[in-house]
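The primary structure of each chain is shown beneath.
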Amino acid sequence: MISNDGRLPPPEDIAGQSDVLAALGWQPLYADQIKADAASGSKPVRIVGAHRGTLHVMGDEVDLIIPGRPDVVVGDWLLLDPAEPDTSRLLERKSLLKRRAPGLERRIQMIAANIDTAFIVSSCNQDFSIARLERYIAMAIEAGVTSVILLTKVDLCDDAGAYVEAAKEIEHLAPVIFLNAHEAAAEATLAEWCAPGQTVAFLGSSGVGKSTLANTLSGNQDIETQAIREDDAKGRHTTTRRHLHLLPSGCAILDTPGMRELQMTDAEDGVAAVFADLQALTEQCRFRDCQHASEPGCAIQAAVKLGSVSQARVDRWQKLDHENRHNTAALTPGKLSNKAARKADKSMRR
Ligand SMILES: Nc1nc2c(ncn2[C@@H]2O[C@H](COP(=O)(O)OP(=O)(O)OP(=O)(O)O)[C@@H](O)[C@H]2O)c(=O)[nH]1
Ligand SMILES: [Mg+2]
Ligand SMILES: [Zn+2]
């Protein structure tokens, strides 16, 4: 455990930590929140799985199934109330990954809480899409989660160079790592992010090798995996639940079901960060409400003509930005205007 200023904390803080909690990803940010409750004997527990309206929670000498509730997600920490577990206190989160729920429902879906690093997994095959990777990165940036791109199946790929070249569009946003998910060497490659006390998540489409990687890091084959379809390289949605697995090394890893779509919502800052260069260029557009299409004096279109920016990238930016605005307005009324107000306020003070 490392305290905020990077020095080791006093010994009594270390003594207050159990090995189990450390392996579950317990960090000072959470410990600080329960100092006042020390006398009550309530124990912190982490939600390691959720299934059919119940939650699987684990802590020091606790391994329980408790009733589910709508305000929590896998990765959350609760201060367990043994008498009434469903009213246990939810500890403040370090991060929350979320998206618009798939389908027609107007709802935000929480994906996972308190993740330190998101491994965004894709493969060196038809699954690879810069546009999709940008979505995941935007979601991770919005949540304050470090993102790392993992491109699996490099061993099955005839022309890895083409993917290396394509990945150049995103490598300024996140490290891009090519690997064979079956190879034990993956553990050393990812060790930097999988340190003891850290929580990492594998996110991506079905069939890209999320569970295979989780098995490789665990050193066993306990998690089910399944071959992809040969014709279109699509996975078979083998993993159906999010589950946090504890590694012997002391890192907690979250395996997740493949996502068919990742719709942005409440991710204005994340989208802006992924396209920060374009966002900055808009300051030079002649009109404040420029749509960057055919307006005179548009700095974006000028850059496209010069060849310094690709139209494809501008299209991806506009698509993500519009989608985020649309979903945010639909799912979190008032949020956009609040943010816009804050921005305006900031620029007034500048
Ligand atoms: N050769 C090779 N096969 C891989 C690699 N990564 C994954 N696979 C294979 O791809 C298939 C799908 O892998 P899974 O780990 O089940 O994929 P997943 O991302 O967990 O898929 P869902 O659970 O459906 O979301 C399995 O047959 C794996 O053995 C890799 O790097 N190289
Ligand atoms: Mg899986
Ligand atoms: Zn413009």
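For the structure itself, consult the block above.
Each chain has its residues counted from 1, running along the sequence as written. All chains are assigned letters beginning at A, and all ligands numbers beginning at 1, according to the order in which they are written. Whole-chain, interface and lining totals are the exception, using all residues; otherwise, since this is a predicted model, local features are given only for residues with pLDDT of at least 70 and side-chain atom pairs are given and counted only at 80 or more. Neither water nor hydrogens contribute to the side-chain values; these are computed over all heavy atoms in the structure.

Draft legend 1. Molecular detail of the site of ligand 1. Each residue is tested against the molecule or strand, and it is near if at least one of its non-hydrogen atoms lies within 4 Å. Of all residues adjacent to ligand 1, which total 24 residues, the nearest are Asp155, Ala181, Ser206, Lys210 and Thr212. Between N or O atoms, a polar contact is any pair within 3.5 Å; within protein, one atom must be a potential hydrogen donor and the other a potential acceptor, and residues adjacent in sequence are included only when both atoms are from side chains. In this structure, an oxygen atom belonging to ligand 1 sits 2.7 Å away from a main-chain N or O atom of Ala181. Between an oxygen atom of ligand 1 and a side-chain N or O atom of His182, the distance comes to 2.8 Å. Areas reported as accessible are Shrake-Rupley estimates using a 1.4 Å probe. Residue values count occlusion only from the protein chains shown. Burial of ligand 1 by the protein amounts to 91% of the accessible area it has alone, namely 660 Å².

Draft legend 2. Main features of the coordination of the zinc ion (ligand 3). Distances define the donors: N, O and S atoms within 2.8 Å of the metal qualify, as do those within 3.2 Å of Na, K or Ca. Water is excluded, so some sites may look unfinished. Within the first shell, the zinc ion (ligand 3) binds the protein through Cys285 (SG), Cys290 (SG), His292 (ND1) and Cys298 (SG), at distances of 2.1 to 2.4 Å. Donor angles set the geometry label: tetrahedral for four donors if every angle is between 85 and 135 degrees, square planar for four and octahedral for six if opposite donors exceed 155 degrees and the others are between 65 and 115, irregular for anything else. Each of the four donor atoms bound to the zinc ion (ligand 3) contributes to angles spanning 102 to 117°, and the resulting shape is tetrahedral. Considered as a linear motif, the donors of the zinc ion (ligand 3) on their single chain read C-x4-C-x1-H-x5-C.

Draft legend 3. Layout of the coordination of the magnesium ion (ligand 2). Donor atoms from the polypeptide that coordinate the magnesium ion (ligand 2) comprise Ser211 (OG) and Thr239 (OG1), at 2.0 to 2.1 Å from the metal. Note that Ser211 is positioned in helix α7 (residues 210–218) and Thr239 in the loop between α7 and β12 (243–246), a separation of 28 residues in sequence. Only DSSP runs of H or I reaching four residues or more are called helices, and only runs of E reaching two or more are called strands; each is numbered from the N terminus.

Draft legend 4. Quick peek at α7. Summary of the burial criterion: residues with accessible area below 20% of their type's maximum are buried, those above 50% are exposed, and those between are partly exposed, where the area comes from a 1.4 Å probe applied to protein chains only. Summarising burial for α7: nine of the nine residues are buried, a large majority. For α7, every residue scored as buried is listed here: Lys210, Ser211, Thr212, Leu213, Ala214, Asn215, Thr216, Leu217 and Ser218. Contacts between residues were defined by any pair of non-hydrogen atoms, one from each residue, lying within 4.5 Å. In this fold, the buried residues of α7 make contact with β8 (117–123), β9 (146–152), α6 (185–190), β11 (199–204) and β13 (252–255). Count one or two residues on from α7 and you reach Gly219, which has phi positive near 80°.

Draft legend 5. Representation of the pattern of salt bridges in the model. The term salt bridge refers to a pairing of a side-chain nitrogen on Lys or Arg with a carboxyl oxygen on Asp or Glu at a separation within 4 Å. This structure, assessed with the given rule, holds 16 salt bridges. One salt bridge in this structure joins Lys35 and Asp32, with 3.1 Å as the shortest N-O distance. Put simply, Asp232 and Arg229 hold a salt bridge, and the shortest N to O gap is 2.5 Å. Classification of Asp232 by relative accessible area gives partly exposed; the value is 24%. A relative accessible area of 36% means that Arg229 is categorised as partly exposed. Here the salt bridges share partners, and the residues they tie into one network are Glu134, Glu169 and Arg316.

Draft legend 6. Expanded view of helix α11 (residues 311–331). The terminal C-alpha atoms of α11, which comprises 21 residues, lie 30 Å apart, in line with the 30 Å expected from a rise of 1.5 Å per residue. Three or more residues of α11 are buried, namely Arg313, Val314, Arg316, Trp317, Gln318, Leu320, Asp321, Glu323, Asn324, Asn327, Thr328 and Leu331. Expected helix span is computed as 1.5 Å times (number of residues minus one).

Draft legend 7. Summary view of the environment of Val154. Along the polypeptide, Val154 turns up in the loop between β9 and α5 (160–167). Its relative accessible area of 26% is what places Val154 among the partly exposed residues. Expressed as a C-alpha distance, the spacing of Val154 and Asn125, which sit 29 residues apart in the sequence, is 8.9 Å.

Draft legend 8. Representation of the pairing of strand β7 (residues 108–113). The element β7 is extensively covered by neighbouring structure, given that five of its six residues are classed as buried. Note: two strands are recorded as paired if DSSP finds a minimum of 2 bridges between them. Bridge count for strand β6 (residues 96–100) against β7 is five bridges, and the pairing is antiparallel. Bridge assignment links Arg100 to a residue of β7, and that residue is Ile108.

Draft legend 9. Region of the structure containing the environment of Tyr136. Within the secondary structure, Tyr136 is located in helix α4 (residues 130–143). The class for Tyr136 is buried, based on a relative accessible area of 2%. Separated by 91 residues in the primary sequence, Tyr136 and Ala227 have C-alpha atoms spaced 24 Å apart. Beyond its immediate chain neighbours, meaning those up to four positions away, Tyr136 contacts Ile120, Leu203, Gly204, Ser205, Met259 and Leu262.

By themselves, these are just geometric observations and shouldn't be taken as functional.
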